[in-house]
Amino acid sequence: MKKVLFIGLVFPESTSTAAGSRMLQLLHFFLEENYHITFSSAAQTTPYVDNLESLGIASVTIELNNTSFDNFIKRLQPDIVVFDRFISEEQFGWRVVENCPNAIRVLDTEDLHCLRQARGEAFKKEESFKLEQLNRLDITKREIASIYRCDLSLIISPYEYQLLLNHFKIPETILIELPFMLDGLSKDTLLEKPTFEERHDFISIGNFRHEPNWQSVLYLKKTIWPFIRKQLPKAKLLIYGSYPSQKVTDLHNEKEGFIVKGRAEDAHKVVSNARVLLAPLQIGAGLKGKLIDAMLNGTPSVTTTIGAEGMHNNLPWNGFVNDNSKTFANKAVELYTDKDIWEQSQQNGIEIITTIYHKEELSKKLNTKIHEIQSDLNSHRNQNFMGSMLQHHSLQSTKYLSKWIQEKNSTK
């Protein structure tokens, strides 16, 4: 049986993060291709980790800077190794190369962390973001090097795919544009969801360990929600998200209709009960799981240019996209009160999901790419000299740093 090893930065939590949902989609892809799957991570588990064993997936805790991983992967001998984010590749990539040189190395970037960080730094300095800022960050050099070292990188956003091709000049042969892989959506599916009249209130949702989500909620509280509340004094804004800190819960104010709920036991249920989702994201990267969930549950949304980036191609948005706070608020009120606009926005969401995120088509695309690399791995790697050069230098530096840490730990 073909074997694939996932090396996760964390164990997947599909109910907590979009990254967890993405990881589960990839796991299901390999299940459907009849791979024996092992998911490993050096992170601790939480009560919200997905039950991988119930899917027939082996779940293994591994150690950083320890030869136990070498023994583990030698015994397993996977055909494919999938790194969850570039940090996992940095930590374990050289060990994979040493012990399983013929395994195809796949990097799932989730989103470009360097883009997210560069935008975040520009935001803090109240500057306009420019692509040149990416070149100055250490994280950019690390992430791009990791992409070069792998045989294939999965890029979730078309914006980021074009950025890698055009700005960083990365060969197309080692990249594949692969957004969320979703089951179909139709009008009949949405008939089971609450109607316009049955829905109430606005909603914001997102994992609070993710800085863009915190900044989005803060922006809602200070700037956007007062405009909306003035026009709709009885409406409420329900704030959901896993891992809320004290600074998040302190924003709760019943009189203002700003209700901090925390973790949602069933995200799809709370999103489908809301009339409009608000996501005024000012920083971030990748595709936004909250906006996908809104479409899947027939909930129109109002977001920013960054929020909608790479998510709908040229198709009409599932609501409105606007970067001006007052216009954003007015569009939210319009969407909340006008049934015809609301229903058209809902139909736009169906079109986006069925056109861009079609699971069967994307699975075929990924399967074809993997088979293409497997058919002549040596030739594929020979076309990527930059990758082999970076592999050589990083293997030496990372290897000996790791061995030093390992030796230091053994003498404690």
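Let me sum up the structure you'll find in this document. Position numbers for residues count from 1 along each chain, tracking the sequence in the order it is written. Two thresholds apply to this predicted model, a pLDDT of at least 70 for residue-level local features and 80 or more for giving and counting side-chain atom pairs, whereas whole-chain, interface and lining totals are computed over all residues. Only hydrogens and water are removed before side-chain values are computed, so all heavy atoms of the structure are retained for them.

Remarks on the packing of aromatic side chains
Thought 1: In this analysis, rings of Phe, Tyr and Trp, with Trp reduced to its six-membered ring, are considered paired at centre separations within 6.5 Å, and the interplanar angle assigns stacked below 30 degrees, edge-to-face beyond 60, and tilted for intermediate values. Scanning all chains against the criterion turns up 11 aromatic pairs.
Thought 2: Here the aromatic rings of Phe-30 and Tyr-35 are separated by 5.1 Å at their centres, their planes lie at 90°, and the arrangement is edge-to-face. In this pair, the class of Phe-30 matches that of Tyr-35, namely buried.
Thought 3: Chaining the aromatic ring pairs together yields one cluster made of Phe-6, Phe-11, Phe-29, Phe-30, Tyr-35 and Phe-39.
Thought 4: For a Lys NZ or an Arg CZ to count as sitting over a ring, it must be within 6 Å of the ring centre and within 35 degrees of the ring normal. Seen from the ring of Phe-258, Lys-221 lies directly overhead, with NZ or CZ sitting 4.9 Å from the centre.
Thought 5: A cation sits over an aromatic face here: Arg-275 above Phe-196, 4.1 Å from the ring centre. The buried label applies to any residue whose accessible area, calculated with a 1.4 Å probe on protein chains only, is under 20% of its type's maximum; exposed applies above 50%, and partly exposed to all values in between.

Describing the side chain of Ser-325
Thought 1: Helix and strand definitions follow DSSP, with helices as H or I runs of at least four residues and strands as E runs of at least two, each counted in order from the N terminus. On the secondary structure map, Ser-325 appears in helix α13 (residues 325-337).
Thought 2: Relative accessible area serves as the criterion here: at 18%, Ser-325 is assigned to the buried category.

Observations regarding the nonpolar core
A general feature of soluble globular proteins is that nonpolar side chains tend to end up buried together.
Thought 1: Working definition of a nonpolar core: buried Ala, Val, Leu, Ile, Met, Phe, Trp, Tyr and Cys residues. They are joined through side-chain atoms within 4.5 Å. Counting 36 residues, the largest nonpolar core has Ile-7, Phe-69, Ile-147, Leu-164, Ile-170 and Leu-175 as the members making the most contacts within it.
Thought 2: Breaking this core down by element, the ones donating at least two residues are β1 (3-8), α2 (68-76), β4 (80-84), α3 (86-99), α4 (113-124), α5 (138-149) and α6 (158-166).
Thought 3: Among all residues touching Ile-7, those that are not within four sequence positions of it are Ser-40, Ile-62, Phe-69, Val-81, Val-82, Phe-83, Asp-84, Ser-88, Phe-92 and Val-96.
Thought 4: Core analysis: the next-biggest nonpolar cluster, separate from the first, contains 31 residues, Leu-190, Tyr-240, Leu-296 and Met-311 among them. Contacts are assigned to residue pairs with any non-hydrogen atoms lying within 4.5 Å of each other.

Brief notes about α2
Thought 1: Every buried residue belonging to α2 is among Phe-69, Asp-70, Phe-72, Ile-73 and Leu-76, and all of these are buried. Looking straight down α2, one finds that the buried residues subtend no more than 165° of arc, so they occupy a single side.
Thought 2: Here the buried face of α2 lies against β1, β2 (36-41), β3 (58-61), β4 and α3.
Thought 3: Trailing α2 by a residue or two, Gln-77 shows a phi angle of about 50°, which is positive. Each direction from the helix axis to a C-beta atom contributes to the arc, which is the arc of those directions.

Side note on the state of the cysteines
Thought 1: Disulfide: a pair of cysteine sulfur atoms within 2.5 Å of each other. Applying the stated criterion to the full structure yields zero disulfides.
Thought 2: Free of any disulfide, Cys-100 has its nearest cysteine sulfur in Cys-150, 14 Å distant.

Some thoughts on the sheet that holds strand β11 (residues 276-279)
Thought 1: In this analysis, strands are considered paired if DSSP registers two or more bridges between them. Strand order in the open sheet formed by six strands is β10-β9-β8-β11-β12-β13, with parallel pairing between adjacent strands. Each having just a single partner strand, β10 (258-262) and β13 (319-321) make up the two edges of the open sheet. Between one strand and the next, the sheet's axes are offset by a mean angle of 20°, whatever the strand orientation.
Thought 2: Pairing analysis gives four bridges linking strand β8 (residues 202-205) to strand β9 (residues 237-240), with the strands arranged parallel. Within β9, the position partnered with Ser-204 by the bridge is Ile-239.
Thought 3: The sheet contacts of helix α11 (residues 289-296) involve β8, β11 and β12 (301-303), and relative to β11 the element is tilted by about 170°. For helices, the fitted axis covers only the stretch in contact; all axes are lines through C-alpha atoms, and the angles between them, taken along N-to-C directions, range from 0 to 180 degrees.

Points about the environment of Asp-111
Thought 1: Secondary-structure assignment places Asp-111 in the loop between β5 (104-108) and α4.
Thought 2: For the pair Asp-111 and Ser-157, spaced 46 residues apart in sequence, the C-alpha to C-alpha distance is 7.4 Å.
Thought 3: Other than its neighbours up to four places away in sequence, Asp-111 contacts Arg-116, Glu-143, Ile-156, Glu-160, Ala-285 and Gly-286.
Thought 4: Here the side chain of Asp-111 touches Arg-116 through a polar contact of 3.1 Å, side chain to side chain. Any N or O atom pair separated by 3.5 Å or less is treated as a polar contact, with the protein-specific requirement of one donor-capable and one acceptor-capable atom, and with residues adjacent in sequence counted only for side-chain atom pairs.

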